Amino acid sequence: MSNEYYEGKTAVITGGASGVGRSLAFGLGRAGANVVIGDVDASAMESMAKDLSSEGISNRIERCDVTDKASLQSLLDASLETFGKVDLVFANAGIGAGEAGPIWGFSEKDWQWCFNVNLWGAVNSISVFMPYLITRPERTHIIITGSGNGAYTVLPDVPIYTATKAAVHTITENLHYQVQMGGLPVVVSALFPGPHVVETGLFNSGRVRPEEFDKGVTGNETGINSVEDMKRMAEEFGFDLKTTHPDEVAEMALAGIPDGNFWLLAHTEESMAKVQRRADMIINKTTPVPESVG
Ligand SMILES: NC(=O)c1ccc[n+]([C@@H]2O[C@H](COP(=O)([O-])OP(=O)(O)OC[C@H]3O[C@@H](n4cnc5c(N)ncnc54)[C@H](O)[C@@H]3O)[C@@H](O)[C@H]2O)c1
């Protein structure tokens, strides 16, 4: 199957005003889908609306905070009001809390914000959209953005983020099993942006950090506030950080969805070796050693 699959379909994308979500929106729109974006970043949403419309992509952009179930319900209602149906839901919104140092020293505000958006955002999206998707006579899709960091490897750099994504993956896999066991016409997919660090705003999530989770620090405690910062730091440690453009992630995802693939994942030799080492370590009960980004 090809991108013709998306012609006339309606796709809802949370966190769709930037990065991976933005690329998904353009990929889907160019393939003839209507796109509905839910996000909290007002200025990114404004440019998104302009950019989509200037390409003639039919769209609706709504403020939607995925930590609030009622806000997601309004996003579903708005989608139905404008386009009459929803065929694909991308539960994609996510943030990095910017934690650094020992786990026992992390601010509770980092834990709360990151779990609220990454974990509760996915849970709320499932709770609001699944009851609708299972009533549709045609096949529908829910695509949940996880991360290899958490799902199949544990990088030591951002423990809170990793923990949220481990939980998100478990929930996604369980949702897939429940749908399969129930014979429901919904395809569940796990999207892994990559294979390298993706050039998005994730390292600058502080721009949408709500006041209630303010911890009195400007920027990330790691000192890394962009992919460029990461590249510079990698250089200092003597290696070249490879990156992936979000359009490549969208292309990979949109190629796998029509075939009903669960894993929307681009592996490299290095990432497969990480999975292998982890499996070997568990089977052989060897003491874990940290893996590195890249
Ligand atoms: N960038 C990477 O290397 C990478 C790797 C693996 C997974 N991911 C995942 O990809 C997804 C997309 O992130 P990205 O990398 O494109 O980052 P991004 O910052 O460019 O995009 C994330 C979007 O989510 C929005 N958002 C944040 N909080 C929200 C909330 N409460 N409600 C609604 N929207 C909210 C932001 O405003 C932003 O538009 C995330 O789930 C992230 O964890 C990214």
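Structure's up top.
Counting restarts for each chain: residues are numbered from 1 in the order of the written sequence. Only residues with pLDDT of at least 70 are given local features in this predicted model, and only at 80 or more are side-chain atom pairs given and counted; all residues enter the totals for whole chains, interfaces and linings.

> Looking at this structure, I do not really get the site of the ligand. What am I missing?
Think of it this way: take the backbone, place a C-beta atom on it, and check whether that atom is within 6 Å of the molecule or strand, in which case the residue is near it. Neighbouring residues of the ligand: 32 residues in total, closest Gly-15, Gly-19, Gly-94, Thr-200 and Gly-201. Going through the elements one at a time, helix 1 (19–30), strand 2 (34–39) and strand 7 (197–198) are the ones with two or more residues in the shell around the ligand. When its residues are assigned to classes, the shell around the ligand shows 14 nonpolar, 15 polar and three charged. The helix count covers DSSP runs of H or I at least four residues long, the strand count covers runs of E at least two residues long, and both are numbered beginning at the N terminus. Three classes are used: nonpolar for Ala, Val, Leu, Ile, Met, Phe, Trp, Tyr, Cys and Pro, charged for Asp, Glu, Lys and Arg, and polar for all others, with Gly counted as polar.

> Help me out: how do you make sense of unusual backbone geometry in this one?
It is generally the case that most residues other than glycine have a negative phi and that most peptide bonds are trans. Of the consecutive residues Gly-194 and Pro-195, the connecting peptide bond is found in the cis state with omega at 20 degrees. Tracing the chain through its elements places Pro-195 in the loop between strand 6 (186–192) and strand 7. Although it is not a glycine, Lys-285 adopts a positive phi angle of roughly 55 degrees. Tracing the backbone shows Lys-285 in the segment after helix 9 (269–284).

> Could you clarify how one ought to interpret the nonpolar core in this entry?
Nonpolar side chains tend to gather and get buried jointly when the protein is soluble and globular. Linking buried Ala, Val, Leu, Ile, Met, Phe, Trp, Tyr and Cys residues through C-beta atoms within 7 Å yields a set, and such a set is a nonpolar core. Burial is judged by counting other C-beta atoms within 10 Å of a residue's own C-beta: 20 or more means buried, 12 or fewer means exposed, and anything between counts as partly exposed, with every C-beta placed from the backbone. In terms of nonpolar packing, the biggest core is built from 63 residues, with Val-35, Ile-37, Val-89, Phe-90, Ile-142, Ile-143 and Ala-253 touching the most fellow members. If one sorts the elements of this core by residue count, helix 4 (residues 108–133) sits on top with eight residues. Placing C-beta atoms from the backbone, we regard two residues as in contact once those atoms come within 7 Å. In this structure Val-35 touches Ala-11, Ile-13, Ala-25, Leu-28, Gly-29, Leu-52, Ile-57 and Asn-59, once residues within four positions along its chain are discounted. One finds Leu-202, Phe-203, Val-227 and Met-230 within the second-largest nonpolar core, a separate group that totals five residues.

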